[in-house]
Structure formats: structure tokens, C-alpha cells
Number of protein chains: 2
Amino acid sequence: MAESNYHHGDLKNALIAAGVEILAREGIASLSLRSVARRAGVSHSAPYAHFSDKQTLIAAISTEGFRRLYSKLDTALNAHSAEPGRQLVACGQAYMRFALNERDIFKVMFSGVLEQEKEYPEFVEISQATFQLLVKVVDACQEKGILRPAPTDLLATAIWGQVHGLVSLALEKQISHTVLDLHPLDEVLLFTLNQFSQVPLTL
Amino acid sequence: MAESNYHHGDLKNALIAAGVEILAREGIASLSLRSVARRAGVSHSAPYAHFSDKQTLIAAISTEGFRRLYSKLDTALNAHSAEPGRQLVACGQAYMRFALNERDIFKVMFSGVLEQEKEYPEFVEISQATFQLLVKVVDACQEKGILRPAPTDLLATAIWGQVHGLVSLALEKQISHTVLDLHPLDEVLLFTLNQFSQVPLTL
DNA sequence: ACCTGAACACCGTTCAAGT
DNA sequence: ACCTGAACACCGTTCAAGT
């Protein structure tokens, strides 16, 4: 607590952690370069020693978000190995739970807070790795005849879009009450995934 | 040009129009209460006579965005009356074109810029009317056997989620190059819509 | 090399005052 | 009723200076 934070040691990661905490505790509206610096216990201009601007810091926070999402999906996958249909459903559910439980970091990752004029290679790498996780599941489903024959990455994109869109609309409170009053969101998700499946998917 | 803008007459709508223009010309990063006031030619505190805070102004701008989206979808619908399959494809395309051509107002409408602690009745009304447009098309498709039997509003939600998710991922540059290099976005959209259809949908 | 503090041009919001 | 202008507490970014 009372440590000298001159030569902090790992201020860069401390700033990323502070940003993640602010998103979880106070929400996206409170995420500023200065609030992140305050939470990390340094002056408001200290972050510029490690990030060239606010966008670069947000890219690093988004990258950490993708690492957490990747981890959740990987766990969901491993819990149902050799049952690709269940893996697909578990991935969809894990994606939805991540979005609902960690709303604000999910929004930072996907809601254009990160304007991508620059490249951010670590961000691109983990987001592509996440997509490849889905491609693997979709491929396994196709081999078992659960999903129809089609270019695997095209089908994976369609399924990602389906789940992502449903979750995004839910976060924005755009899903009609005539639907939600009769069907909990988990059921809506299952219904949407079943549009792609040749055999009924269940939980 | 050189009019007295004391007692502007319709400053409220002038501010909304100014906000829409800023989104189209300068982008979401430039949308501030003060920039909107500047473009409308009034002082930075004048908007408070018509909007209780920035969120309420953004809600009004989002409402105008939904009116424009509604109008595009309605036009797409009327261009293919009595051919529900084509209506569905045309709606999906119109939704995608709106998002790509008017990126920043689309983002304001859907990307959580509008934190919905308050209600904004006009916003809710036009967004529900837009959903009902889709419900009508889906219902017509079901009657013709193009879409499978299922609760119509559930199916409409699934299709909206599919198109919205695909478009959102495209805006965030999250769609893999292994997909986009082989398939233009229009084709990916058609592929995703065909997941729902019992007969092949075309343009 | 890493961090501070003053400075600058912005921002949202409030409020007394002007017409 | 509608709008202005000063004021306040924020924000991102820069830069000279400190250790």
C-alpha cells in the first residue's frame, strides 16, 4: 500500500489491470486515461511512458478481454470433448455469459470504442485465435454430420455472427418482450443455434 | 445565413440535424454537446433548454437514425411486394447497406453510446415498429413455406440477430480474411440468410 | 528509463443574467 | 420562454523538469 511507486516495476500491466477493474466496478463511462492512472496510483501523464495514447491503452485492455473470452471458450470446449454438438452449444453459452457478466469489457472489445486506424498486433492475434477455436468446433460438427457441408470458415463466421448479434441485441435491450416473456435468453440462443444444425441440439 | 438565431424557432430539431450531420461528416468521436451546439450556431448551453442532458440528445439522434433505417427497410419491402423471399433478402441487404454507409449513426443506435437508464418513449416506439416490419416479412415467408414453422417473433429475432451480428462484426473488422477474400460481404449475408430458409434464397 | 506537475484546449453541467 | 457567458470539475495530450 505505502510502497514507493517510483519505478513501479510493471506499471504497464498494472495500468491494464486497473482498466479492467474500472470496467468491472464502475463501467465504461468511467474509463479514462486519468482514472486508470489514479487507480494504479500514478500521475495522469505516467501512462504515456507505456502507451502512446488512450487508444493504445484501450487496445491493450481489449486484448486482455479477448484473452479472458478465449479462456472461457476453451474451458467450455474441454468440458465436452468428443461431443462436438455439445461443444458448440457450450461455446455459445460461454460467449453469452461472458458478454452478460462482463458487459463493459465486452462492449470495449466490440462496440467501436477501439477505432482501428492502427493495427495492434497482439489484439489481432488473440482475436484470430478465438475465431480458430470456433472453426475447430464447427469442423468437428461437420465431420459428425451435425452441421451441413459448407466452407468451414464461412459457416463459423455465420454462427459467430448469429451468437454475437443475439447477445449484442440483448445487451442493448432490443429483444422484444413478446419473445423474452415466453423464452428465456438461453432458450433463444439454443433456437438460433438449431437453425444451423441437422440434428436437434440440446443443453 | 445571417438570421437572428435568438428565438430560433425550432432549435430542437436543428440540434438533432446538426448531430446527424456531425456523425456523417466527422464521425462519432466528434459528437459532443458543444460541437452540436456550435454547428447549430448557438451557445454551448442552449441545448439544455430542449434536452435535459447529453444522453437525451443522443437518444433523439438515435431515434432519427431508427426513422431512417425504418424508411430504408420499408422501401426495400415495397420493391418486392408479394415475393416474401426476396423481401427478406432485400431487408437484410438494406440493413447492411445502412450500417456500412452510415456507420457512425448506426453505432450510436446500437453500440451502447446510449446507456438506457431512462426510457425515451419515441426511441422505443420506432425501434419496435422496425422490428414489426421484419416480423411481417418473416410471417409472409412462413405462410409460403420459405421459412420453417416456428413462433414468428422468435424466428424474426433470430434472423435480426444473424444480420445484426454479421454487420457488427464487419464494422469491427472482425471477419476473417480467409472468408472475405473468397466471399464478398453480400454473399456472406446471403449464406447466413439461407441457413434459415427451406428454399434457396437469391438476390 | 521512468515518472511528476504545470499548461493547454477541450468536454458536460449549472446558474445568474439578459431579451 | 429561450438563449448567453462565466464558472466548475472533468478530460487527453504535451513538455520541461525531477530522480
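### Section: the overall build of chain A
Then step 1. The helix and strand tally for chain A stands at nine helices and zero strands.
Then step 2. Element order for chain A, N to C, with α for helix and β for strand: α-α-α-α-α-α-α-α-α.
Then step 3. If one aligns the C-alpha atoms of chain A with their principal axes, the spans along those axes are about 60 × 35 × 35 Å.
Then step 4. In chain A, buried positions account for 54% of the 203 residues.
Then step 5. Looking at chain A alone, contacts between residues at least 24 apart form 65% of all its contacts between residues at least 6 apart.
Then step 6. Split by element, the accessible area of chain A, about 9,700 Å² in all, is 52% carbon and sulfur.

### Details of the environment of B:Leu169
Then step 1. With respect to the element layout, B:Leu169 can be found in helix H7 (residues 152–171).
Then step 2. A sequence separation of 158 residues divides B:Leu169 from B:Leu11, and the C-alpha atoms of the two residues are 36 Å apart.
Then step 3. Residues contacting B:Leu169, with those up to four places away along its chain left out, are A:Phe110, A:Trp160, A:Gly161, A:His164, B:Gln174 and B:Ile175.

### Side note on unusual backbone geometry
Then step 1. At A:Tyr120, a residue that is not glycine, the phi angle is positive and equals roughly 55°.
Then step 2. By the secondary structure assignment, A:Tyr120 is in the loop between helix H5 (103–110) and helix H6 (121–143).
Then step 3. For B:Lys173, which is not a glycine, the phi torsion comes out positive at approximately 55°.
Then step 4. Along the polypeptide, B:Lys173 turns up in the loop between H7 and helix H8 (177–180).

### Examining the relation of the copies chain A and chain B
Then step 1. Overlaying chain A with chain B gives an RMSD of 0.0 Å, the required rotation being 180° about an axis along which the chain moves by 0.0 Å. Here the transformation between the copies is reduced to the relation of a two-fold axis. Scanning chain A for the C-alpha nearest the rotation axis identifies A:Gly165, at a separation of 1.7 Å.
Then step 2. When the interface residues of chain A are mapped onto chain B, 98% of them again fall at the interface, so both copies present the same face.

### Quick notes on helix H2 (residues 33–40) of chain B
All names here are of chain B.
Then step 1. Taken together, the buried positions of H2 are occupied by Leu-33, Ser-35, Val-36, Ala-37 and Ala-40.
Then step 2. Tucked into the core, H2 has its buried residues touching helix H1 (11–25) and helix H3 (54–78).
Then step 3. Just past H2, the residue Gly-41 takes up positive phi, approximately 80°.

### Details of the side chain of A:Thr63
Then step 1. Note on placement: A:Thr63 falls in helix H3 (residues 54–78).
Then step 2. What makes A:Thr63 buried here is its relative accessible area of 4%.

### Considerations on the packing of H1(B) against H2(B)
Residues and elements named next belong to chain B.
Then step 1. Following both chains from N to C, one finds H1 and H2 inclined at 110°, their axes separated by 8 Å at the closest point. Comparing the axis directions of H1 and H2 gives the class roughly perpendicular. Along its contact with H1, which presents Leu-11, Ala-14, Leu-15, Ala-18, Gly-19, Glu-21, Ile-22 and Arg-25, the element H2 presents Ser-35, Val-36, Ala-37, Arg-39 and Ala-40.
Then step 2. Looking at the contact of H1 with H2 residue by residue, the classes come out as eight nonpolar, two polar and three charged.

### A look at the domain arrangement of chain A
Residue and element names in this part refer to chain A.
Then step 1. Segmentation of chain A into domains returns domain 1 (1–51) and domain 2 (55–194).
Then step 2. On a C-alpha basis, the centres of domain 1 and domain 2 stand 29 Å from each other.
Then step 3. The interface of domain 1 with domain 2 comprises ten residues on the first partner and twelve residues on the second.
Then step 4. A combined buried area of about 970 Å² lies between domain 1 and domain 2, and 88% of that area is made up of carbon and sulfur atoms.
Then step 5. Counting the contacts that link domain 1 with domain 2 gives zero salt bridges.
Then step 6. Where domain 1 packs against domain 2, one counts one residue pair in polar contact (both at pLDDT 80 or more).
Then step 7. Within the residue set of the side of domain 1 that touches domain 2, elements represented by two or more residues are helix H1 (11–25) and helix H2 (33–40).
Then step 8. For the side of domain 1 that touches domain 2, the per-class residue count stands at eight nonpolar, two polar and no charged.

### Points about the pattern of salt bridges
Side chains bearing opposite charge may pair, as long as their charged atoms lie close to each other.
Then step 1. All told, the structure shown has 14 salt bridges over all chains when counted by the stated rule.
Then step 2. In this structure, the salt-bridge partner of A:Arg86 is A:Glu83, at a minimum N-O distance of 3.8 Å.
Then step 3. Given the relative accessible area of 33%, A:Arg86 is considered partly exposed.
Then step 4. Close ionic contact of B:Lys118 with B:Asp53 constitutes a salt bridge, the shortest N to O distance being 3.0 Å. On the criterion of sequence distance, the pair formed by B:Lys118 in the loop between helix H5 (103–110) and helix H6 (121–143) and B:Asp53 in the loop between H2 and H3 is long-range, its members being 65 residues apart.
Then step 5. Given a relative accessible area of 36%, B:Lys118 falls into the partly exposed group.
Then step 6. By relative accessible area, B:Asp53 is classed as partly exposed at 25%.

### A few points about the packing of H5(A) against helix H7 (residues 152–171) of chain A
All names here are of chain A.
Then step 1. Look at H5 against H7: their axes get within 12 Å of each other, and the N-to-C directions meet at 125°. Classified by the interaxial angle, the pair formed by H5 and H7 is oblique. The handedness of the crossing between H5 and H7 comes out as left-handed. Here Arg-103, Phe-106 and Phe-110 of H5 come into contact with H7, specifically with Trp-160, His-164, Val-167 and Leu-171.
Then step 2. A per-class count over the contact of H5 with H7 returns five nonpolar, one polar and one charged.

So, how was this worked out
Residue indices follow the written sequence of each chain, beginning from 1 at its first position. The order in which chains are written sets their letters, starting at A; the order in which ligands are written sets their numbers, starting at 1. Note on the predicted model: pLDDT of at least 70 is required for a residue's local features to be given, and 80 or more for side-chain atom pairs to be given and counted; whole-chain, interface and lining totals, by contrast, use all residues. The basis for every side-chain value is the complete set of heavy atoms in the structure, and neither hydrogens nor water enter the calculation. Labels follow the DSSP assignment, with helices taken as runs of H or I lasting at least four residues and strands as runs of E lasting at least two, numbered in each case from the N terminus. Accessibility here uses a 1.4 Å probe with only protein chains present; expressed as a share of the type maximum, an area under 20% marks a residue as buried, one over 50% as exposed, and anything in between as partly exposed. Should any heavy atoms of two residues lie within 4.5 Å, those residues are considered in contact. We get accessible surface area from the Shrake-Rupley algorithm with a probe of 1.4 Å; when it comes to residues, only the shown protein chains can shield them. When the copies are superposed, the least-squares fit draws on C-alpha atoms of residues that have pLDDT of at least 70 in both. Angles run from 0 to 180 degrees between N-to-C directions of axes, and those axes are lines fitted to C-alpha atoms, restricted for helices to the stretch in contact. Roughly parallel refers to an angle under 35 degrees, roughly antiparallel to one over 145, roughly perpendicular to one between 65 and 115, and oblique to any angle outside these ranges. Residues are grouped as follows: Ala, Val, Leu, Ile, Met, Phe, Trp, Tyr, Cys and Pro are nonpolar; Asp, Glu, Lys and Arg are charged; all remaining types, including Gly, are polar. For the domain bounds, the source is a domain assignment made automatically or taken from a database. Accessible area, probed at 1.4 Å, shrinks when two parts are joined; the buried area is that loss added up over both. In what follows, salt bridge is the name for a side-chain nitrogen of Lys or Arg lying within 4 Å of a carboxyl oxygen of Asp or Glu. As used in this structure description, the phrase polar contact means that two N or O atoms lie within 3.5 Å; if the pair is within protein, one of them must be able to donate a hydrogen and the other to accept it, and residues adjacent in sequence are counted only when both atoms belong to side chains. We call a crossing left-handed when the near helix sits turned anticlockwise from the far one by less than a right angle, and right-handed when that turn is clockwise.

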